[in-house]
2 protein chains.
Amino acid sequence: MPISEENTADHLTSSQCWDYIRQARFARLAVVVEGQPEIFPVNFAVDHGTVVFRTAAGTKLAGALSGNPVAFEIDGYDDTLSSAWSVVLKGGAALLEDYDEIMDSEDLALFPWQTGAKNAFVRIEPEVTAGRRFLISNAARRNVLRGMGLYTE
Amino acid sequence: MPISEENTADHLTSSQCWDYIRQARFARLAVVVEGQPEIFPVNFAVDHGTVVFRTAAGTKLAGALSGNPVAFEIDGYDDTLSSAWSVVLKGGAALLEDYDEIMDSEDLALFPWQTGAKNAFVRIEPEVTAGRRFLISNAARRNVLRGMGLYTE
């Protein structure tokens, strides 16, 4: 069903979700550490239906992973700000320890967001892929444009 | 200490964090539901050292809130993609039930991102405000520019 004023959110198919994921270059990752949520930006590569990102070793991140479920989110909006979309992957995440597995990655363009030593690679195997696209209300659009200095009425 | 090749991440002061927050219009929220992380985009307003967002009532969000800690994140990068920043607020979140409290909000430009009925307002009272700004490696910058179709070497 197309989105309309009556039906303001549209669930994306898995294929549509992956189209967005393949076009994106960075995402936000949410993990649970001692019962509390942590969230941080990552850049990532797609590898055979999984996503791989590179991060600093030795942080509390390592403790939060090793198969525990994480949520990985990307979002954006079209150029006219009439619709926005959000895609979330959920699944287990684990540190990659086998360098061959890392180098086998289809997309070798996986660089750390920060300069400096960042030697841990983490792979998320999604069990749930969910996305939606929704109309942006006129009021919200004006608010965002005003924030960008593009709307002065 | 300024950021440099040797010192690639720079902790932001609370004041710098709030400068970024006041300029931002939307963020991502991470909550824990039944031990697992959930993440979704929200638009928000700043109100006396807290952030308030508007969302759909009756979702599992309500169960995840009522004072439980959440993580709220914004990020961005400068125009030349030489540095990026991320700010995270952590603290309890609670549904606002008192309409006077809502209307007392300093920033009335708080609109739902989606059209349709979205009548729940949630306030986050941050206990932790943390931010960092970091250099983007040349490799990551080329990768991002390539993704934008702006780098063809």
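Structure first, text after, so check above.
Bear in mind that the values here come from a model prediction, so they are computed numbers and not experimental data.

A. View of the overall build of chain A. Helix and strand counts for chain A come out as 4 helices and 7 strands. Along chain A, from the amino end to the carboxyl end, the secondary structure elements read β-α-β-β-β-α-β-β-α-β-α. The burial tally for chain A puts 50% of its 153 residues in the buried class. Sequence separation of 24 or more characterises 71% of the internal contacts of chain A that already satisfy a separation of 6 or more. Counting every atom, chain A has about 7,500 Å² of accessible surface; 49% of that belongs to carbon and sulfur.

B. Structural detail: helix 1 (residues 14-23) of chain B. Residue and element names in this part refer to chain B. Among the residues of helix 1, Cys-17, Trp-18, Tyr-20 and Ile-21 are the ones counted as buried. Angularly, the buried residues of helix 1 cover 155° about the axis, an arc narrow enough to put them on a single face. Residues of helix 1 that are buried make contact with strand 3 (36-47), strand 4 (50-55), strand 5 (69-77), strand 6 (83-96) and strand 7 (120-135).

C. Looking closely at the environment of Thr-55 of chain B. All names here are of chain B. Relative to the helices and strands, Thr-55 resides in strand 4. The exposure class assigned to Thr-55 is buried, which follows from its relative accessible area of 11%. On a C-alpha basis, the gap between Thr-55 and Asn-43 in space is 9.0 Å, while along the polypeptide they are 12 residues apart.

D. Representation of the environment of Gln-36 of chain B in the model. Its place among the elements puts Gln-36 of chain B in strand 3. Apart from residues lying up to four places away in sequence, Gln-36 of chain B is in contact with Val-32 and Pro-69 of chain A together with Val-31 of chain B.

E. Structural detail: the pattern of salt bridges. Scanning all chains against the criterion turns up 12 salt bridges over all chains. Arg-28 of chain A is the partner of Asp-75 of chain B in a salt bridge, and the nearest nitrogen-oxygen pair spans 2.7 Å. Separated into two different chains, Asp-75 of chain B in strand 5 and Arg-28 of chain A in strand 2 (residues 26-33) make up a pair that spans both. Each of Arg-28 and Asp-75 of chain A together with Arg-28 and Asp-75 of chain B takes part in one network of salt bridges that share partners.

F. Representation of the side chain of Ser-86 of chain B. Residue position: Ser-86 of chain B is located in strand 6. Looking at Ser-86 of chain B, its side chain comes within polar contact range of the side chain of Glu-73 of chain B, at 2.8 Å. Those residues within four positions of Ser-86 of chain B in sequence are excluded, and the remaining contacts are Pro-41 of chain A together with Glu-73, Ile-74, Asp-75, Ala-130, Gly-131 and Arg-132 of chain B.

G. Representation of the pairing of strand 5 (residues 69-77) of chain A. Residues and elements named next belong to chain A. Strand 5 sits mainly inside the fold: 7 of its 9 residues count as buried. As defined by bridge partners, strand 2 adjoins strand 5 across 3 bridges and the pair is classed as antiparallel. Within strand 5, the residue paired with Leu-29 across the bridge is Phe-72. Where strand 5 lies against strand 6 (residues 83-96), 9 bridges are found, and the strand directions are antiparallel. Paired with Phe-72 across the strands is Leu-89, a residue of strand 6. Taking the residues that link successive antiparallel strands as the turn, the strand 5-strand 6 hairpin has 5 residues, and the phi of Leu-81 there is positive, at about 60°.

H. Inspection of the pairing of strand 4 of chain B at higher detail. Residues and elements named next belong to chain B. Burial analysis of strand 4 places 5 of its 6 residues in the buried class, the great majority of the element. Two elements, strand 3 and strand 4, share 4 bridges in a ladder whose sense is antiparallel. By the bridge assignment for strand 4, Asp-47 is matched with Thr-50.

What counts, and at which threshold
Here, residues in each chain are numbered from 1, in the same order as that chain's written sequence. Chains and ligands are labelled by the order in which they are written, letters from A for the one and numbers from 1 for the other. Residue-level local features of this predicted model are given only where pLDDT is at least 70; pairs of side-chain atoms are given and counted only at 80 or more, and the full residue set underlies all totals for whole chains, interfaces and linings. With hydrogens and water stripped out, all remaining heavy atoms of the structure feed into the side-chain values. Here a strand is any run of E in DSSP of at least two residues, a helix any run of H or I of at least four, and the numbering for each starts at the N terminus. Accessible area is worked out with a 1.4 Å probe on protein chains only. A residue is then buried under 20% of its type maximum, exposed over 50%, and partly exposed in between. Any two residues whose heavy atoms approach within 4.5 Å are treated as being in contact. With residues, only the protein chains shown are counted as cover, and all accessible areas are computed by Shrake-Rupley using a 1.4 Å probe. Directions from the helix axis toward the C-beta atoms define the arc. Here, a salt bridge means any side-chain nitrogen of Lys or Arg that lies within 4 Å of a carboxyl oxygen of Asp or Glu. Polar contacts here mean pairs of N or O atoms no more than 3.5 Å apart (in protein, one a potential hydrogen donor and the other a potential acceptor; neighbouring residues in sequence count only if both atoms are side-chain atoms). Two strands pair if DSSP finds at least two bridges between them.

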